[in-house]
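# Overview (structure and organization)
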Amino acid sequence: MDKIAKEKYTKLATMMNEKSLLHVPVIAKVLDCFEIMITEEETDFLLAIGEKKLKKEELRQYAKCSDEEYDALIHTVFHKGLLWIAEDESADLVELAPIFPGWLEVSLFSKDLTPQKMQLIDKMCELLELEEKVNIGPVRMYWNRHKQKKIENNCPPNMSVVTNTQMPSKKIAVGKKLESGTNQILPTGEVYSLLEKYGKQNKIALVDCFCRKISKLKGHDCDFHMPLEACLAVGNFAEQMVNYHVGKYISFEEALKVVEECQKKGAIHTVFHYGTDSSRPEICICNCCWDCCCLFGSYNAGGISNIYVKAHAKAVVVEEDKCNGCNICNRFCPTNATGFDKKTGKLYMHEDSCVGCGQCVSKCKKGVRVMEYGERGVYIKSLSKKEIRVKNFAGLE
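Residues numbered from 1 in each chain as written. Predicted model: local features only at pLDDT ≥ 70, side-chain atom pairs only at ≥ 80, totals over all residues. Heavy atoms only, no water.

### Details of the overall build of the protein
Across its full length, the protein carries 14 helices and 14 strands. A globule of 397 residues ought to have a C-alpha radius of gyration of about 21 Å, and the protein, at 21 Å, matches this closely. Seen along its three principal axes, the alpha-carbon backbone of the protein occupies a region of about 70 × 50 × 40 Å. Put simply, 75% of the contacts in the protein that link residues at least 6 apart link residues at least 24 apart. For the protein, the exposed surface amounts to about 17700 Å²; the carbon and sulfur share of it is 51%. Side-chain charges of the protein comprise 55 positive and 54 negative groups, with the mean position of each set lying 7 Å from the other. (Helix = DSSP H or I, 4+ residues; strand = E, 2+ residues; numbered from the N terminus. Rg over C-alpha atoms; globule rule 2.2 N^0.38 Å. Contact = heavy atoms within 4.5 Å. Areas by Shrake-Rupley, 256 points an atom, 1.4 Å probe, with all protein chains shown as cover. Lys, Arg positive; Asp, Glu negative; His and termini not counted. Charge placed at Lys NZ, Arg CZ, Asp CG, Glu CD.)

Shown next, in the form of structure tokens:
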């Protein structure tokens, strides 16, 4: 990468960071991802657009090429996810995408695996390894404190965790409890409501899981046996995924089947929003696992990243004496918030670390816990080396 290219990629990365609450450090390995995936022509085009929101027909003035070349350019930048259809209801405005979560994921949503995408996967693995290497005491303390200050300044959670349903006949009011038992009555509401909302608009698209694809191509099979096609783009974002040959439209019923299959296998239903801001509209419902996921998996492997999500519920222990010590709750808990401590012979439940996924409730056959509803922000600090749960994250050595 020569000096001019580095300057352009750095400027573009800085602009893209302004599109998200999560700013990706503009380090050499990140710029390498830009060099792998973004051509010089695409870079100049995106820099000319800058941070503006524009109508699609206004983009033409920023491209210095023939009409035929322009059509190919537009298709490519949308296919790669470098430009996004904005959240506005009209779906008529476009803007630069953020980096991560952002265009890096979209670039691997589709089925086509070009040599450039394989290079990108290798570079992403280097970044994930770097996340673990820099997780040393002073850096971890700074990183956690930096995030804590943002939260104190009323920064909204970056994403949401919602619970699953099995075709509820009625809604449960906030604060009410839903019992668990041998029939696996699951928490009600959020996933079903989101799918129903976007299903009525015919705006749900199925795409490959970015995280699971990296893991699989590195020779690691998901410990939870999750399907590769497991992420659901919604709204205007779904429209883009289909129009530019990244994903395919599916019905509400098909989407519900995907969610229910993943739920049974242990999924955490993580909702991503425009700008990585949980107060803005949704773009994707990801069925995450804490084995492959770049959020929960990296956290459990000792990556420097911390977790800040909006939870819609929390698990509450109500029948502790029914616990038989099987520890299946801990097997499926993505944050180690609950489990059976063999040393003390007691059940533990750290509500401050519970993201409200509902897995401990649905997997337990004894009815030890219930889900209690109510929105809250959940901030979980990066783990120290002695606290890590995953030794071989996503197939990385």
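That covers the picture; the talk isn't over yet.
### Some remarks on a nonpolar patch on the surface
A contiguous nonpolar patch, built from Leu113, Met118 and Leu217 and spanning about 220 Å² of accessible area, is present on the exposed surface. In this fold, leucine 217 is placed in helix 9 (residues 210-217). (Patch = residues over 30% accessible without salt bridge, like charges linked within 9 Å, V, L, I, M, F, W, Y side chains within 5 Å. Salt bridge = Lys/Arg side-chain N within 4 Å of Asp/Glu carboxyl O.)

### Let's talk about helix 9
The buried fraction of helix 9 is high, at six of eight residues. Restricting attention to buried positions, one finds in helix 9 the residues Phe210, Cys211, Arg212, Lys213, Ile214 and Ser215. Residues of helix 9 that are buried sit in contact with helix 5 (103-106), helix 6 (115-133), strand 6 (204-208), strand 7 (229-234) and strand 10 (282-288). Once helix 9 ends, the next one or two residues include glycine 219, with phi positive near 85°. (Buried < 20%, exposed > 50% of the residue type's maximum accessible area, 1.4 Å probe, protein only.)

### Side note on the sheet that holds strand 3 (residues 93-96)
What the three strands build is an open sheet, ordered 1-3-2; its pairing is antiparallel. Unpaired on one side and paired on the other, strand 1 (54-55) and strand 2 (83-85) mark the two borders of the sheet. Across two bridges, the pairing between strand 1 and strand 3 is antiparallel. Residue pairing in the sheet places lysine 55 in a bridge with leucine 93 of strand 3. (Pairing = 2+ DSSP bridges.)

### Here we look at helix 11 (residues 252-265)
Helical geometry note: an α-helix holds 3.6 residues per turn, so side chains three or four residues apart project in the same direction. When the terminal C-alpha atoms of helix 11 are compared, their 20 Å separation across 14 residues agrees well with the 20 Å that a helix rising 1.5 Å per residue should span. Listed in full, the buried residues belonging to helix 11 are Phe252, Ala255, Leu256, Val258, Val259, Cys262 and Gln263. Down the axis, helix 11 shows its buried residues gathered within 155° of arc, on one side only. Residues of helix 11 that are exposed and angled more than 90 degrees away from the buried face: Lys257 and Lys264. Structurally, helix 11 contributes buried residues whose contacts are with helix 8 (190-200), strand 6, strand 7, strand 9 (268-273), strand 10 and helix 14 (359-363). (Expected span 1.5 Å × (residues − 1). Arc of directions from axis to C-beta.)

### Topic: the pairing of strand 4 (residues 159-162)
Covered by surrounding structure in strand 4 are Met159 and Val161 together with Ser160 and Val162, the residues of both alternating faces. Both strand 4 and strand 9 contribute to a ladder of four bridges, which runs antiparallel. Looking at strand 9, one finds that serine 160 is bridged to valine 271. Where strand 4 and strand 11 (residues 307-317) come together, three bridges link them in parallel fashion. The partner of methionine 159 across the bridge, within strand 11, is valine 309.

### Overview of the pattern of salt bridges
Evaluation of the coordinates by the stated rule reveals 19 salt bridges. With a closest N to O distance of 2.9 Å, arginine 60 and aspartate 67 form a salt bridge. Assessed through its relative accessible area of 54%, aspartate 67 is described here as exposed. Among the charged side chains, a network of salt bridges with common partners joins Lys111, Asp208, Lys213, Glu229 and Lys248.

### Some points on the environment of lysine 366
Residue placement: lysine 366 occurs in the loop between helix 14 and strand 14 (369-380). Put simply, lysine 366 and aspartate 321 are 45 residues apart on the chain and 9.7 Å apart in space, counted from C-alpha to C-alpha.

### A word on the confidence of the model for the protein
On average, residues of the protein score 88 in pLDDT, and 91% of them reach the 70 mark or higher. Here strand 5 (residues 177-178) is the element of the protein with the lowest mean pLDDT, 37, and strand 8 (residues 248-249) is the one with the highest, 98. Throughout residues 165-188 the model reports pLDDT below 50, and contacts reaching past four residues in sequence, or to other chains, amount to 56 contacts. (pLDDT = per-residue confidence, 0-100.)

### So, the side chain of glutamate 95
Its place among the elements puts glutamate 95 in strand 3. Polar contacts involving the side chain of glutamate 95 include one to the side chain of lysine 19, which spans 3.1 Å. (Polar contact = N/O pair within 3.5 Å; in protein donor to acceptor, adjacent residues only side chain to side chain.)

### Some remarks on the nonpolar core
As a rule of thumb, nonpolar side chains are buried together in soluble globular proteins. Of all hydrophobic cores here, the largest spans 111 residues; its most connected members are Phe34, Phe45, Leu59, Trp103, Leu195 and Leu232. Residues Ala315, Cys360, Val361 and Tyr373 belong to the second largest nonpolar core, which totals eleven residues. (Core = buried A, V, L, I, M, F, W, Y, C linked by side-chain atoms within 4.5 Å.)

### Description of the packing of aromatic side chains
Under the criterion given, the structure shown has ten aromatic pairs. Ring-pair connections join several aromatic residues into one group, and the members of that group are Tyr9, Phe34 and Trp103. Taking NZ or CZ as reference, arginine 60 lies 4.7 Å from the ring centre of tyrosine 70, over its face. (Phe/Tyr/Trp six-rings, centres within 6.5 Å; stacked < 30°, edge-to-face > 60°. Lys NZ or Arg CZ within 6 Å of the ring centre and 35° of its normal.)

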